[in-house]
Amino acid sequence: EVQLVESGGGSVQPGGSLRLSCGASGFAFSNYPMNWVRQAPGKGLEWVAIINGGGDIHTYRDSVKGRFTISRDNAKNTMYLQMNTLKPEDTAVYYCVKSGFSDWGQGTQVTVSS
């Protein structure tokens, strides 16, 4: 029943920005922490950020601190990832993941290259 749908990916040059969205349904969205996880080509899954249910607490992996901002709009059942100052190493498929890591979206591709 849980559905997570990412959107907003694309191709940008280094230093550019993208905002990813994750639309959620099938559960009480505001009650659950949510995560962004990414997978670069040929590499394993890499946790990116987490946000609590209320949206006021967030934590990031070191490599994206100061560049990425996770947020959510519980009235819209939507989570966001604002990505600024993008680097080639940010190239990956980005997934929206519900707490517990059993529910994943389909992923959206982010490509950062010259």
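Residues numbered from 1 in each chain as written. Predicted model: local features only at pLDDT ≥ 70, side-chain atom pairs only at ≥ 80, totals over all residues. Heavy atoms only, no water.

Draft legend 1. A look at the sheet that holds strand E10 (residues 108–112). Strand order in this open sheet of six strands is E2-E10-E9-E4-E5-E6, and the pairing throughout is mixed. Unpaired on one side and paired on the other, strand E2 (10–12) and strand E6 (58–60) mark the two borders of the sheet. For this sheet, the mean inter-axis angle between neighbouring strands, taken without regard to orientation, is 25 degrees. Where strand E4 (residues 34–39) lies against strand E5 (residues 45–51), six bridges are found, and the strand directions are antiparallel. Bridged to Val37 within E5 is Trp47. (Pairing = 2+ DSSP bridges. Helix = DSSP H or I, 4+ residues; strand = E, 2+ residues; numbered from the N terminus. Axes fitted to C-alpha atoms, helices over the stretch in contact; angles between N-to-C directions.)

Draft legend 2. The arrangement of the layout of surface pockets in detail. Of the volumes computed, that of the largest pocket is approximately 190 Å³. Together, 14 residues line the largest pocket, and Arg38, Ala40, Lys43, Glu46 and Glu89 are the ones closest to its centre. Across the lining of the largest pocket, the residue classes break down as two nonpolar, four polar and eight charged. (1 Å grid on protein atoms, 1.4 Å probe; cavity = no way out; pocket = protein on both sides within 12 Å on 5 of 7 lines; lining within 4 Å. Points joined across faces, edges and corners; volume = space filled by probe spheres on them. Nonpolar A, V, L, I, M, F, W, Y, C, P; charged D, E, K, R; others polar.)

Draft legend 3. Just the pairing of E4, in detail. Among the six residues in E4, five count as buried, and that is most of the element. Following E4, the chain reverses through five residues before pairing antiparallel with E5; Gly42 in that reversal takes a positive phi of roughly 75 degrees. Relative to strand E9 (residues 92–98), E4 runs antiparallel, the two sharing six bridges. Paired with Asn35 across the strands is Val97, a residue of E9. (Buried < 20%, exposed > 50% of the residue type's maximum accessible area, 1.4 Å probe, protein only.)

Draft legend 4. How the structure looks around the packing of aromatic side chains. What the rule picks out here adds up to three aromatic pairs. Measuring from ring centre to ring centre gives 5.6 Å for Tyr95 and Trp104, while their planes differ by 75 degrees; the resulting arrangement is edge-to-face. For Tyr95, a relative accessible area of 16% puts it in the buried group. The structure contains a cluster of three or more aromatic residues connected by ring pairs, namely Phe27, Phe29 and Tyr32. Positioned above the aromatic ring of Tyr80, the side-chain terminus of Arg19 is 4.2 Å from the ring centre. Sitting above the plane of the Phe29 ring, Arg72 keeps its charged end 4.2 Å from the centroid. (Phe/Tyr/Trp six-rings, centres within 6.5 Å; stacked < 30°, edge-to-face > 60°. Lys NZ or Arg CZ within 6 Å of the ring centre and 35° of its normal.)

Draft legend 5. Here's a closer look at the side chain of Ser21. Counting through the fold element by element, Ser21 comes out in strand E3 (residues 18–25). A relative accessible area of 17% means that Ser21 is categorised as buried. Those residues in contact with Ser21 that lie beyond four places of it in its chain are Val5, Glu6, Ser7, Trp36, Thr78, Met79 and Tyr80. (Contact = heavy atoms within 4.5 Å.)

Draft legend 6. Geometry of the sheet that holds strand E8 (residues 78–83). With antiparallel pairing, four strands are arranged side by side in an open sheet as E1-E3-E8-E7. The open sheet terminates on both sides in strands that have one partner only, identified here as strand E1 (3–7) and strand E7 (68–73). Pairwise comparison of adjacent strand axes, ignoring direction, gives a mean angle of 15 degrees for this sheet. The sheet contact formed by E7 and E8 spans six bridges and is antiparallel. Within E8, the residue paired with Ile70 across the bridge is Leu81.

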